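# Observations on chain architecture
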Amino acid sequence: MRGKHLGQGLRAVAAALSVGLAAGVAAAQPAPAAPAQPAGATAEKPLSESLTGMAKAEHGAGAALFKDGDYAGALARFERAYELSRDHRLLWNVALCQKNLRRYAKMLATLRRMEDDAGAALTARDKQDIADLIQAAEAYVSRLEITASEPGATVFVDDEPVGTTPLAAPVPVDIGERRIRVSKPGFVDFVRQEKVVGGGSVALLARLERAVHRGRLLVAAGQDGLIALDGKVVGKGRWEGSVPSGTHALRVTAPGMTPYEVAVLVRDEEHRRIDVSLERAPERGGASTWLWIGGGAAIFAGALVAGALLFEPGTPAEQGSLGTVPLGFGGRR
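Residues numbered from 1 in each chain as written. Predicted model: local features only at pLDDT ≥ 70, side-chain atom pairs only at ≥ 80, totals over all residues. Heavy atoms only, no water.

For Asp174, the position within the fold is in strand S4 (residues 171–174). For Asp174, the side chain forms a polar contact with the main-chain nitrogen of Tyr104, separated by 3.0 Å. Within the structure, Asp174 has its side chain in polar contact with the backbone nitrogen of Ala105 (distance 2.6 Å). (Helix = DSSP H or I, 4+ residues; strand = E, 2+ residues; numbered from the N terminus. Polar contact = N/O pair within 3.5 Å; in protein donor to acceptor, adjacent residues only side chain to side chain.)

A separate point is the packing of aromatic side chains. If you walk through the whole model with that rule in mind, you get two aromatic pairs. Pairing Phe66 with Tyr71 gives two aromatic rings, centres 5.1 Å apart and planes at 65 degrees, and the pair type is edge-to-face. Taking relative accessible area as the criterion, Phe66 reaches 1% and is therefore assigned buried. Since its relative accessible area comes to 13%, Tyr71 is described here as buried. (Phe/Tyr/Trp six-rings, centres within 6.5 Å; stacked < 30°, edge-to-face > 60°. Buried < 20%, exposed > 50% of the residue type's maximum accessible area, 1.4 Å probe, protein only.)

An ideal rise of 1.5 Å per residue puts 21 Å on 15 residues; helix H6 (residues 104–118) measures up with 21 Å between its terminal C-alpha atoms. For H6, the full list of buried residues reads Tyr104, Ala105, Met107, Leu108, Thr110, Leu111, Met114 and Ala118. Once H6 ends, the next one or two residues include Gly119, with phi positive near 55 degrees. (Expected span 1.5 Å × (residues − 1).)

A few words now on the packing of H6 against helix H7 (residues 124–138). The contact between H6 and H7 brings their axes to 10 Å, and the two run at 160 degrees. On the basis of their axis angle, the class for H6 and H7 is roughly antiparallel. Here the hand of the crossing between H6 and H7 comes out left-handed. Two secondary-structure elements touch here, H6 through Met107, Leu108, Leu111, Arg112, Met114 and Glu115 and H7 through Ile130, Leu133, Ile134, Ala137 and Glu138. Within the contact of H6 with H7, the residues separate by chemical class into eight nonpolar, no polar and three charged. (Axes fitted to C-alpha atoms, helices over the stretch in contact; angles between N-to-C directions. Parallel < 35°, antiparallel > 145°, perpendicular 65-115°, else oblique. Left-handed = near helix turned anticlockwise from the far one by under 90°. Contact = heavy atoms within 4.5 Å. Nonpolar A, V, L, I, M, F, W, Y, C, P; charged D, E, K, R; others polar.)

Given below as structure tokens:
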């Protein structure tokens with residue numbers, strides 16, 4: 001980038017950024033009349049003329065949105081135009097949108113990315129402008145340092161991933177209330193709400209506890225109900241205990257009652273209660289009893305006939321019993 005690349009328009013943007021930051025976290029500065037021009041212009045053509053295709057369309061849409069005060073929409077358009085063209089001058093537009101959205105940490109990252117992308121094309125004056133902006137923004141950013149008990153955990157700031165433990169370097173975070181979360185599969189998330197002040201550092205020790213996937217199950221089955229869980233008897237009448245999360249086979253039995261069987265799903269940290277009321281089993285002996293009685297009557301009648309045939313008249317009667325009913329066989333009095 002030659003000296004004219006920044007020019008008065010681009011330095012006006014830099015001044016607007018610095019003034020806005022120096023004034024404190026105040027309302028976003030109004031958009032310049034033509035945001036495409038503050039984004040920088042080559043010695044030959046401005047961005048609105050040098051870009052082509054979709055990059056030009058995205059840049060034009062971003063300029064219109066910026067003028068209307070829709071900085072989030074303009075930011076998305078400018079970032080897309082940069083992805084399509086890789087013209088580092090667009091990063092000035094991106095930085096300005098981030099400043100107006102008070103995303104100072106991201107603005108710092110954008111300015112540093114512009115330094116890397118432009119490289120030797122930046123003049124001494126350009127580099128000084130960027131350095132001044134970075135210094136102004138530092139007052140509204142603090143460094144987050146996290147020491148985690150587990151490597152390979154993802155660090156989130158306001159639900160946006162910013163790195164993996166152990167962090168290679170402190171992470172810049174904006175001032176204000178920030179939600180810090182450290183997450184790793186198999187462990188309970190470490191979550192903290194931190195009030196971040198500018199120009200300092202936030203140090204956190206994140207101890208990740210291994211997740212225990214369990215719940216509690218209570219079974220109330222009446223005093224005679226025998227309770228079995230997953231094929232193992234665990235109690236009678238009432239049982240409560242900790243069980244692994246998932247589906248369990250519950251069976252409750254009692255003498256003379258129909259068994260109760262059901263699959264019970266217990267979720268993590270859930271406390272579930274199952275009330276069991278057993279129903280009386282249907283009578284199984286009715287038909288066979290009548291069959292026995294009928295058969296017994298036939299046998300009894302046959303016995304009488306046989307007695308009449310086998311025993312001659314005058315033979316002394318022989319006493320027997322069927323159950324508790326006394327019977328006489330063959331004899332006559």
